[in-house]
Structure formats: structure tokens, C-alpha cells
Amino acid sequence: MNLKYIEINNSNINLAARVQYEIFPYSAAYIKYLNKPTGSLQIDYLVYLGSKPIGVVGLYEIAKYKDDVWLSWFGLLKEYRFKGYGSQILKDIMKK
């Protein structure tokens, strides 16, 4: 599986927000993507299969729990579910 992880930034934030909202229609992450906190780890990724965005995933560190990392906004667009991509994303993100 040739998955790519592109960090969400000002140039792709609108696309990331659309993908995230399609996956999680009752929760919008645009403001969260826009206002990353300083002093703690928060990395959000758009996940691509080739040149097509297929999902989102984030890694966060909560200052109070420095030894732990929180997996956030882990989701795939409906047409990419149950094909092994989610398992691959989890394996890849655990390495990060």
C-alpha cells in the first residue's frame, strides 16, 4: 500500500476540513487545524492513496500526560474502508 501522510497546513487546510467533515459529519475540525496549540505536540495529517486524499489522522500530546500520545481524528472516507487502509494507517502512525 502506497499511503502518504501530508501534514495539514495553510495550503491544504480547506481540503483537510472537507475530508474530515465527510468522515465525521457532526464534528468540524477546521478551527482545531487552524489554531494549533504551542508548546505541545499536535500533528494532523491528510492521508493520500496516490494523489487522492482518503482520510485524516492526528497525533497529539497532552501536556499533563507527557508519556502518552493521543491518536485523534482517525478516519477514512467511506469508499476506502474495509480494504486494509485503516490497519496500515494505524501501523504507520504508531511508528511516528
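The preceding data block contains the structure.
Residues numbered from 1 in each chain as written. Predicted model: local features only at pLDDT ≥ 70, side-chain atom pairs only at ≥ 80, totals over all residues. Heavy atoms only, no water.

S.K.: I'd like a description of helix α1 (residues 13-23), backed by residues and values.
M.R.: If you check which residues of α1 are buried, you get Ile13, Ala16, Ala17, Val19, Gln20 and Ile23. Within α1, the buried residues cover an arc of 165 degrees as seen down the axis, which keeps them to one side. The exposed residues of α1 that point more than 90 degrees off its buried face are Arg18 and Glu22. Here the buried face of α1 lies against α2 (30-34), β2 (42-49), β3 (52-60) and β4 (70-76). (Buried < 20%, exposed > 50% of the residue type's maximum accessible area, 1.4 Å probe, protein only. Helix = DSSP H or I, 4+ residues; strand = E, 2+ residues; numbered from the N terminus. Arc of directions from axis to C-beta. Contact = heavy atoms within 4.5 Å.)

S.K.: Explain the sheet that holds strand β1 (residues 3-7) residue by residue, including any values.
M.R.: If you trace the 4 strands from one edge of the open sheet to the other, you get β1-β2-β3-β4, paired in antiparallel fashion. Two strands in the sheet have a free side with no partner beyond their single neighbour: β1 and β4. Averaged over neighbouring strand pairs, the angle between their axes works out to 25 degrees when direction is ignored. Summarising the sheet, β2 and β3 pair through 8 bridges and their orientation is antiparallel. Residue Gln42 lies in a different strand from β3, and its bridge partner there is Tyr60. On the sheet, α1 packs against β2, β3 and β4 and is oriented at approximately 90 degrees with respect to β3. In the packing of helix α3 (residues 85-95) onto the sheet, the strands contacted are β1, β2, β3 and β4, and the crossing angle to β4 comes to about 155 degrees. (Pairing = 2+ DSSP bridges. Axes fitted to C-alpha atoms, helices over the stretch in contact; angles between N-to-C directions.)

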